[in-house]
Amino acid sequence: KVDLLTIQLEAFADFSRFAGVEGVDWESAYGTYHALESESYIGNLITNIFAGGTVDTEWGFLTGYSQHQDFTKATDSYVWYLKDQGYQTFGSHPGFGWFYNRQNVNQYLGFEEYWFTENHYGELVDPVFAQWHSDPLLVQELLAQMKERVQSGPCFSFSVSYQNHGPYSTELPSGPRHLTPEGSGLSQESCNIWNNYLNGVAETLQALTTLVQGLEEMEEPVVLVLFGDHKPWGGNSNDAYYGIGASFDTTALEGFYQYYATPYLIWANSAAKETLGREFRGEGGDFSPCFLMPELFEQCGWTGPSFLQLAQEVREITPLVHQQGVYLTEGGQLTDHLSGEAADRLNEFFFAQYYREHKVVPEGAG
């Protein structure tokens, strides 16, 4: 058993992947992330959402469901499975617990303890200020908590960041300016939006660098998972996106990625690499959020529950199971129709999701 520290990053996307504009200093914002990627197992999540709806990606990761309703009772999830395996289950979000009803839903999904503004972060940071500057604090709290909790047994920590939540100011930023109208050809307003966003991202990534350094110093084996929940807001008409070369033509694979894809990475400290005998480096491919936990288990060399094994089989058929009824063929083409054995296997996956969400009472829930 190794400890798992997983963090969903608010509105995190890597804009250096957009090739439609020159004269932009992307690396000043993303340099630390690219360095971490070189030491990690990486790919893209193809989310169901854009610029909002955070919990869709969050709950897809925690439950393995490609679609779900609001959770109103104890519901089977990978959190419950890890808890049944002897893991402590806890996490953080420096926002209000009533938002998306996380204060109850997280208990329904198997978390024993969760810190929100109301029961922890409110004494440390103003909840309005947290929207713009809370990731350094979040990282500090997560690292301290992990160091303390590992002494009592294996840990599964899942947190949701709040910093970089949109919309972003259209006024000139006080910090660095990665884009200028003269260099990029974008309007001043679009430059202001992205500069304000990128300055927040740069602070986030610097905080994560501190986290990685702290985890590497630990004697206990820890695997870190980072991923974005959705693309950020880019103006009320998405004008800031079109300025950097986005087409957002979701009928084509490139436009679909531009609209829905966010990065993920899986990193392990030296102790975890030695314990598991794995390097945690390379290309992990692209897939829906419901397949991220199976990928984590595979990288750790774990079999996991039968539902997770079913998810791995379905991912071999189509790594994309989108709420819009869109799938990805072996040839890398988008389709709204699967047939034959592929369709049968996908339906089994949908039936299993429904049964787990509506019929199964997790062991230990009561």
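Residues numbered from 1 in each chain as written. Predicted model: local features only at pLDDT ≥ 70, side-chain atom pairs only at ≥ 80, totals over all residues. Heavy atoms only, no water.

Here eight strands make up an open sheet; going across it, the order is β4-β3-β5-β1-β6-β7-β2-β8 and the pairing mixed. Of all strands in the sheet, those with a lone pairing partner are β4 (113–115) and β8 (282–287), marking the two edges. Across the sheet, the mean angle separating the axes of adjacent strands is 15° when strand polarity is ignored. Sheet topology places strand β3 (residues 88–92) next to strand β5 (residues 155–160); three bridges connect them, and they run parallel. Residue pairing across strands places T89 opposite F156, the latter belonging to β5. Across the face of the sheet, helix α1 (residues 27–37) comes into contact with β2 (41–46), β6 (222–228) and β7 (261–268) while running at roughly 55° to β7. Its contacts with the sheet put helix α11 (residues 292–300) on β1 (3–9), β2, β5, β6, β7 and β8, and the angle it makes with β6 is roughly 155°. (Pairing = 2+ DSSP bridges. Helix = DSSP H or I, 4+ residues; strand = E, 2+ residues; numbered from the N terminus. Axes fitted to C-alpha atoms, helices over the stretch in contact; angles between N-to-C directions. Contact = heavy atoms within 4.5 Å.)

The next point concerns a nonpolar patch on the surface. On the surface, F96, W98, F99 and Y100 cluster together into a nonpolar patch covering about 400 Å² of accessible area. In this structure W98 comes out as exposed when scored by relative accessible area, which is 52%. (Patch = residues over 30% accessible without salt bridge, like charges linked within 9 Å, V, L, I, M, F, W, Y side chains within 5 Å. Areas by Shrake-Rupley, 256 points an atom, 1.4 Å probe, with all protein chains shown as cover. Salt bridge = Lys/Arg side-chain N within 4 Å of Asp/Glu carboxyl O. Buried < 20%, exposed > 50% of the residue type's maximum accessible area, 1.4 Å probe, protein only.)

Here we come to the nonpolar core. Formed by 57 residues in total, the largest nonpolar core has its most connected members in F15, Y30 and W194. Taken together, the elements giving at least two residues each to this core come down to β1, α1, α5 (135–149), α7 (188–216), β6, α8 (239–243) and β7. The element that contributes the greatest number of residues to this core is α7, accounting for 12 residues. Other than its neighbours up to four places away in sequence, Y30 contacts F12, A13, D14, F15, S16, Y197, L198, V201 and L205. Grouped together as the second largest cluster of nonpolar side chains are 51 residues, V55, V105, M293 and F297 included. (Core = buried A, V, L, I, M, F, W, Y, C linked by side-chain atoms within 4.5 Å.)

In short, shape yes, function no, at least from these values alone.
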